[in-house]
Every structure is written in C-alpha cells, then in structure tokens.
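So the chains spell out like this:
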Amino acid sequence: MTRTPELKASTAVPPAALPDDESLSTTTTSSSPTPVTVLTGFLGSGKTTALNALLVQPALRHTAVIINEFGEVGLDHHLVARTEEDLVLLANGCICCTVRGDLIGAFTMLAEQRAKAEGAGNGPEKGTADGAGGRFVERVIVETTGLADPAPILHTLMSDPAVTAKYRLANVVATVDAVNAEGTLDRHAEAVKQVAVADRLLLTKTDLVDAAARDRLVARLRAINPAADIVDVAQAITQPETLLGDDTYDPARRGADVEAWLRVAAYEDDAEDGAEDEPEHAHDHHDHDSDYAQHAGHAHDHAHTHAHDRNRHDDHIKAFSIIRDQPVSWAGLQTWLEMIAGMRGDDLLRVKGIVNVIEHPGQPVVIHGVQHLFHPPAFLPAWPDADHRTRIVFITRDIERDLVEDTLRIFESRRTRR
Ligand SMILES: Nc1nc2c(ncn2[C@@H]2O[C@H](COP(=O)(O)OP(=O)(O)OP(=O)(O)O)[C@@H](O)[C@H]2O)c(=O)[nH]1
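Reading guide: rules and limits
Residues numbered from 1 in each chain as written. Predicted model: local features only at pLDDT ≥ 70, side-chain atom pairs only at ≥ 80, totals over all residues. Helix = DSSP H or I, 4+ residues; strand = E, 2+ residues; numbered from the N terminus. Contact = placed C-beta atoms within 7 Å. Near = placed C-beta within 6 Å. Nonpolar A, V, L, I, M, F, W, Y, C, P; charged D, E, K, R; others polar. Buried ≥ 20, exposed ≤ 12 C-beta atoms within 10 Å, placed from the backbone. pLDDT = per-residue confidence, 0-100. Core = buried A, V, L, I, M, F, W, Y, C linked by C-beta atoms within 7 Å. Domains from an automatic or database assignment.

Q: Where do I start with the overall build of the protein in this structure?
A: Helices and strands together make up the secondary structure of the protein, namely 13 helices and 15 strands. In the protein, the proportion of contacts linking residues at least 24 apart, taken out of those at least 6 apart, comes to 80%.

Given below as structure tokens:
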C-alpha cells in the first residue's frame, strides 16, 4: 500500500517579501515588449514549486504571474509566493481551450498596470513597483494547467494582436517529474507536447530516483526534444537569468511537429473566430469547468458562452473537488488517501488540497498527491483567507466523484464511531 508521508511541521509557501535588488532584465525599457515565459509541465510535476523558488529571488521582483488552474476550486493562488496585485488566476477552465479570452484579458490588464506605473514615474529606471500609481511589470510568467496542450497558448502569445502589441514570447520552460514522467509520457499526449515545445526542461524530483532512472529519462527527453536544455530544478532555480533570460521563442528550433501543432492551433483559432459570428449558446465545455475566473482577491463571475466545443482533453479525465465544512481527522484522511492511491494510483492524476485537520487547529495542511506518489504534507503558516473549509481537488482518469465521496465517507464515519 502507498504510504502517505507523516505530517511534519514545515511551510508550504516561501515568504512573498522580496529584498530590493537589481532586476533580471536590464534591457527593459518602457517601450519594449514585456517578455513572457510559459511555464508548463504535467500535473504535479513541480511547476508551482519551481515558480515559488524563482519568485523569491530579487531578480524577479517585477514579475507578474498568470496562473491557470484546472478544477472547480482554485488553490494555486494561495500557494504561490506573490502578492495579490502581481497574480492573476484563471480558474475558468483550461487556457488551451476555454479561457483564451481571459488570458488575453489578463495580459491587457497587466499592460494597463504597467502604463499606469510608468505614467506615475514607477518605471524600470526607478525600480519601484507599488503605490497608487500602479505596478511596473517587467516580466510575465504564465503557469499553465498540467493538462494544457501548449500549442494554442503559444499561438495566442505569438499571434494575437492585443498580446503581441505589448508582449513577446521569450521562452517556454517545462517541468518533468522524474518519478512519474515515463508512465506519463506513455499515456498522455499533452505531456509529450509540453516537452516537445520547451526551450528548457526542468527535471524535478530527481532526489527521489536513482542515477540510472534519471539517465533513462534524459535519453527519452532528448529523443522528443533534442534542442532543449535539460537541467535539474535545484540548479536551475539558482540561475534565473539562464532559465528565463531573454531570448525569443523560435518554433522552428523545436522541430516539424511543433510547427505543425502551431499551424493546427492557428487553423482552429480562425475557425473559432468565424464561429463567433454565429448566435451564441452557452454550454459546458468540460464537466470540470469551474464557473469563475478571478483576479486573486477580486473574484468576479463570468458567464461564458462559446460557439462550439473546443474540449481538447480526453473525455476520461475528470476534475472535481471535495469540500468539508467541519475539520477532518488527519489519521482518517491519511488512511483513505493511502487506500485510494494504492488501488487507483495510475488514475489518480492529481490530488491537491488545503485541509482543516482536527489534530492541528488553526494550522491548515497542504496535501499533494501525484499518481501513486504522495508528497510530505506541509503546514501553511495561516489560512490564506476567510474560507477555512477543507478543499481537495482531484483530477482523475475514469474515477468518478461518487466513488471518491462514498469511500471517504466510510473512513470519516469509521473515525466518528471510534
Ligand atoms: N521531492 C521533491 N518534491 C518535489 C519537487 N518538486 C516538486 N515537488 C513536490 O511535488 C508536489 C507537487 O508540486 P507542485 O509544484 O504543486 O506541482 P505543479 O506542477 O504545480 O502541480 P499542478 O499545477 O497541480 O499540476 C508538491 O508536494 C511539491 O513539494 C522536487 O524536486 N523534489
């Protein structure tokens, strides 16, 4: 049976406060397009962890982050070391299919902030980034969902006039989980595409595998994308200038497949633009779509209408969340997680949650599961907002919400009877 690591005191999110220092790019001027890095990588492969390690570095203090999350309940904005002003959460589906408009809207908003900051004298020369004058945004990192097909995202960034007027796609970085990647690449076409389009591949979780497994994985990654730099995340995050440093994304360097995917994305984009002239009718794109997008801290409802279905994800993939109003027993939850990971680990693509545990009142616990692997749970220093309910997001293949709900209730009721 899969063992869930013991609950130990550690913190899940590094501090958001940044020391004053030089920025990464010394070449940004108020008129130059803002460089954009796309951070992709399969579910649970370590995107947010790598991002947090980068964002605390002084060189990235003027970096805004756009996070796209997959699931009914957005959690990532609570787990990223960035203040509300620098973080935009797109939780209304996947940017590769349903929230392209939101992505463009987020870029437009950040460009307006930058213009406002520069108008108020908060430009790059002064290095200031706050106050009523707006924030100076020097770089944007877009973290995709783990299931994203990167091609339509890259296409949008390279061709949408509203974006290209102010931004340029600098590079694509993909995290690759050394524990799960072999199986993931076998089973999920999105994972192969994420690797194939990247300039840099960040190997994560190499601390959990032996050298031979790492070498096998590197050979496989080289076969998919011979031009990418492959680096261990521990090394990469100490050199943000190398990881994110200015270059302009060139699909031609990535091979014929990538160019073909981008052509398909362009074709579908044109088809959608044509279809937008048709009368709109609202319908669900995914059974997992949440129905809101929010600029972190300022949630606003979006009633999304799309003219046709652009669901690129496998119909077998489900995303749902389990919510508990009352604190839950850590011991019961741990036993249940072990049971479900042991029985259905291959199909338990991602489990991520904030848990209010009976055993540690006032100390929210963050849990992360990726297929059979459960990472050590970690305490958050405090609840990120007024919502103190347990919220656990599941992304599964062919595991229905009812099965998860029903089995969890069995363990919960067993605990209660003791
Ligand atoms: N041991 C180890 N754990 C890691 C490493 N990188 C990430 N993790 C753990 O992997 C889990 C998932 O990491 P995240 O950064 O949330 O992954 P993600 O790609 O952002 O996940 P999603 O966006 O939900 O798909 C967390 O528990 C991390 O602590 C690593 O290099 N080594």
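Q: Looking at this structure, how should I read the site of the ligand?
A: The immediate surroundings of the ligand are formed by 20 residues, with Gly46, Thr48, Gly146, His368 and His375 found nearest. Within the residue set of the shell around the ligand, elements represented by two or more residues are helix H1 (47-55), strand S11 (348-355) and strand S12 (365-370). If you tally residues by element for the shell around the ligand, the top one is H1, at 3 residues. Partitioned by chemical class, the residues of the shell around the ligand number 4 nonpolar, 11 polar and 5 charged.

Q: Can you help me understand the environment of Ala162 in this one?
A: Here Ala162 lies in helix H5 (residues 161-164). On the basis of neighbour counts, which here come to 13 C-beta atoms within 10 Å, the residue Ala162 falls in the partly exposed class. With 103 residues separating them along the chain, Ala162 and Ala59 place their C-alpha atoms 27 Å apart.

Q: What is the right way to look at the confidence of the model for the protein in this model?
A: Detailed conclusions should not be drawn from predicted coordinates in areas where pLDDT is low. When pLDDT is averaged along the protein, the result is 76, and 69% of the positions lie at 70 or above. Here residues 125-132 scores under 50 on pLDDT; set against residues more than four positions off or in separate chains, the count is 11 contacts.

Q: Mind showing me how you'd approach H1 here?
A: Most of H1 is tucked away: 7 of the 9 residues are buried. All buried positions along H1 are accounted for by Lys47, Thr48, Thr49, Ala50, Leu51, Leu54 and Leu55.

Q: Please clarify how the nonpolar core should be interpreted in this entry.
A: Across soluble globular proteins, you tend to see nonpolar side chains buried next to one another. With 95 residues, the main nonpolar core has Ile66, Val140, Leu154, Val176, Leu201 and Leu202 as its most contacted residues. In terms of residues, this core owes the most to one element, strand S5 (residues 167-177), which gives 7 residues. Residue assignment places this core across two domains, with domain 1 (34-301) and domain 2 (317-417) each supplying three or more. What Ile66 contacts, discounting residues up to four positions off in sequence, is Val88, Leu90, Leu103, Ala106, Val140 and Val142.

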